Amino acid sequence: MEAANFLAGNLRLRVTVKALQTFTAYRQKRFYNREAGGQLFGTVRSGKWTVLEATGPRKGDRRTRFGFWPDRASEQQEINAFHVRGLTYLGDWHTHPEEQPRPSPRDLATIAGIVRESRHQLPGFLLCIVGRAQFPAGLWLSIHTLSGEIKKAEAALPLASAETNP
Ligand SMILES: [Zn+2]
């Protein structure tokens, strides 16, 4: 597996193999699989965000085949723990039981609420949805800004190798 690169407007997004492996582990391949999800953490440089880690579902989450309601207290604990390691909360991810996933109206409302209600310096947060198809077709990635703008990220070629590490 290789890291996945995306472009959302002028912003370059890179999802590392470690995060992709978490997505793959929870892909809803079977009809009885429940939705899973978690948070995205990584680094922010001007014009480039790197998703280094995706946290997995937790005990306190509520999960069905068509819904995922995360345990918000556990989420805040994760944010604090990653902050100590110098990693920033970049957004949320969850799975859908469809090949090429698209956000539901509820997904869009949820991420808009998180962008509005969080205290942060970023222009917005990421929404990542993991479908059943191979990446990148099976991965929805978008950035949601404070002004309500939604930019869908498109799969892109990596930068020159010196810039793409890790
Ligand atoms: Zn959803």
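This write-up is about the structure you can find in this document. (Residues numbered from 1 in each chain as written. Predicted model: local features only at pLDDT ≥ 70, side-chain atom pairs only at ≥ 80, totals over all residues. Heavy atoms only, no water.)

Observations concerning helix α3 (residues 105–117)
Helix length check: α3, at 13 residues, gives a terminal C-alpha distance of 18 Å against a target of 18 Å (1.5 Å per residue), a fit within 8%. Of all the residues in α3, the buried ones are D107, I111, G113, I114 and V115. Close packing links the buried residues of α3 with α2 (72–84), β7 (88–95), β8 (124–130) and β9 (139–145). (Helix = DSSP H or I, 4+ residues; strand = E, 2+ residues; numbered from the N terminus. Expected span 1.5 Å × (residues − 1). Buried < 20%, exposed > 50% of the residue type's maximum accessible area, 1.4 Å probe, protein only. Contact = heavy atoms within 4.5 Å.)

Some remarks on the pairing of β8
Burial runs high along β8: 7 of the 7 residues are buried. Note: β7 against β8, 5 bridges, orientation parallel. Within β8, the residue paired with G91 across the bridge is L126. Read from β7 through α3 to β8, the crossover connection turns out right-handed. When β8 meets β9, the two strands line up antiparallel, connected through 7 bridges. Following the sheet pairing, I129 is matched in β9 by W140. (Pairing = 2+ DSSP bridges. Right-handed = clockwise from strand over helix to strand, strands pointing away.)

Some points on the coordination of the zinc ion
The reference angle at a metal is 109.5 degrees if four donors form a tetrahedron and 90 or 180 degrees if six donors form an octahedron. Bound to the zinc ion on the protein side are H94 (NE2), H96 (NE2), D107 (OD) and D107 (OD), at distances that span 2.0 to 2.5 Å. What the 4 donor atoms of the zinc ion show is an angle range of 55 to 156° at the metal, which sorts the shape as irregular. All donors of the zinc ion come from a single chain, and their spacing in sequence reads H-x1-H-x10-D. Placement of H96 in the loop between β7 and α3 and of D107 in helix α3 is noted, with a sequence separation of 11 residues between them. (Donors = N, O, S within 2.8 Å, 3.2 Å for Na, K, Ca; no water. Tetrahedral: all angles 85-135°; square planar, octahedral: opposite > 155°, others 65-115°.)

Focus on the environment of R85
Looking at the element boundaries, R85 is found in the loop between α2 and β7. Taking C-alpha positions, R85 is 11 Å from T43, a pair spaced 42 residues apart along the chain.

A word on the pairing of strand β1 (residues 4–8)
Most of β1 is tucked away, with 4 of its 5 residues classed as buried. Sheet topology places β1 next to strand β2 (residues 11–15); 5 bridges connect them, and they run antiparallel. Paired with N5 across the strands is R14, a residue of β2. Between β1 and β2, which pair antiparallel in sequence order, lie 2 residues; one of them, G9, sits at a positive phi of approximately 65°. Pairing between β1 and strand β11 (residues 154–155): 2 bridges, direction antiparallel. Within β11, the residue paired with F6 across the bridge is A155.

Examining the nonpolar core
One finds L13, F23, L40 and L126 to be the most contacted residues of the largest nonpolar core, which totals 36 residues. Here this core gets 6 residues from one element, more than from any other, and that element is β8. Look past the residues within four positions of L126 in its chain and what remains in contact with it is L13, L40, W49, V51, L90, G91, D92, I111, L141, S142 and I143. (Core = buried A, V, L, I, M, F, W, Y, C linked by side-chain atoms within 4.5 Å.)

Considering the packing of aromatic side chains
The geometry of an aromatic ring pair comes down to the distance between the two centres and the angle between the two planes. Counted by the stated rule, this structure contains 7 aromatic pairs. Here the aromatic rings of F23 and F135 are separated by 6.4 Å at their centres, their planes lie at 85°, and the arrangement is edge-to-face. In this pair, F23 is assigned in helix α1 (residues 17–26) and F135 in the loop between β8 and β9, connecting sequence segments 112 residues apart. We classify F135 as buried; its relative accessible area is 19%. Ring plane angle 10° and centroid distance 4.0 Å describe the contact between F41 and F82, whose orientation is recorded as stacked. In this pair, F41 is assigned in strand β3 (residues 37–45) and F82 in helix α2, connecting sequence segments 41 residues apart. Judged by its relative accessible area of 0%, F41 falls in the buried class. Among the residues examined, F82 registers a relative accessible area of 8% and is labelled buried. One residue, R27, lies across the ring of F135, its end atom 4.5 Å from the ring centre. The ring of W69 has R62 lying over it, and the distance from NZ or CZ to the ring centre is 4.2 Å. (Phe/Tyr/Trp six-rings, centres within 6.5 Å; stacked < 30°, edge-to-face > 60°. Lys NZ or Arg CZ within 6 Å of the ring centre and 35° of its normal.)

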